[in-house]
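Observations on the three-dimensional arrangement
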Amino acid sequence: EVYLEQVVRNLLVNADKYTPAGSPVEIAIAAGTDTVQIDITDHGPGIPAEAQCRIFERFYRHPSEDGGVKPGWGLGLYFACALTEAQGGCLRVTSPVRDDAEHPGARFSIVLPLAKEICERD
């Protein structure tokens, strides 16, 4: 529970950091037979394909459109991925998620196995 809370918090902080003021951050949750998926989608500038394969690396920070970088250490997505994997899940990114050239957005999907019954009942 604590790991999942930290993962979601890290993703929401990133979404807030990259989404323009007044734009929504969307959260969707869907449960399947064996897994649950939590999607966090922003309306930010998106993540270029060449950066998508690196954003979960420790200390990686992708430059913004103006050549600078947003404040941070480059550890939030690294920890989010590590904590998700520690729970037997995976963290994925999809970008762009819409055909808006200015705000194509990014979607982070947390996929976790559903908890199995751990206690036998008499």
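Reference entry: report on the structure contained in this document. Everything numeric here is computed off the predicted structure, so don't read it as measured data.

Nonpolar side chains tend toward joint burial in soluble globular proteins. Leu 11, Ile 47, Ile 55, Phe 56, Leu 91, Phe 108 and Ile 110 are the most contacted members of the largest nonpolar core, which totals 22 residues. Setting aside residues no more than four positions away along its own chain, Ile 55 makes contact with Ile 47, Tyr 60, Leu 77, Val 93 and Phe 108.

It is worth spelling out the packing of helix H1 (residues 2-18) against helix H3 (residues 76-86) at this point. For the pair H1 and H3, interaxial distance at closest approach is 9 Å and the crossing angle is 150°. Taken together, the axes of H1 and H3 lie roughly antiparallel to each other. Crossing angle aside, the handedness with which H1 passes H3 is left-handed. In this structure, H1 contributes Tyr 3, Gln 6, Val 7, Asn 10, Leu 11 and Asn 14 to the contact, and H3 contributes Gly 76, Leu 77, Phe 79, Ala 80, Leu 83, Thr 84 and Ala 86. Of the residues belonging to the contact of H1 with H3, the class tally is eight nonpolar, five polar and no charged.

Rules and cut-offs
- Residues numbered from 1 in each chain as written.
- Predicted model: local features only at pLDDT ≥ 70, side-chain atom pairs only at ≥ 80, totals over all residues.
- Heavy atoms only, no water.
- Core = buried A, V, L, I, M, F, W, Y, C linked by side-chain atoms within 4.5 Å.
- Buried < 20%, exposed > 50% of the residue type's maximum accessible area, 1.4 Å probe, protein only.
- Contact = heavy atoms within 4.5 Å.
- Axes fitted to C-alpha atoms, helices over the stretch in contact; angles between N-to-C directions.
- Helix = DSSP H or I, 4+ residues; strand = E, 2+ residues; numbered from the N terminus.
- Parallel < 35°, antiparallel > 145°, perpendicular 65-115°, else oblique.
- Left-handed = near helix turned anticlockwise from the far one by under 90°.
- Nonpolar A, V, L, I, M, F, W, Y, C, P; charged D, E, K, R; others polar.

On their own, these measurements won't tell you what the molecule is for.
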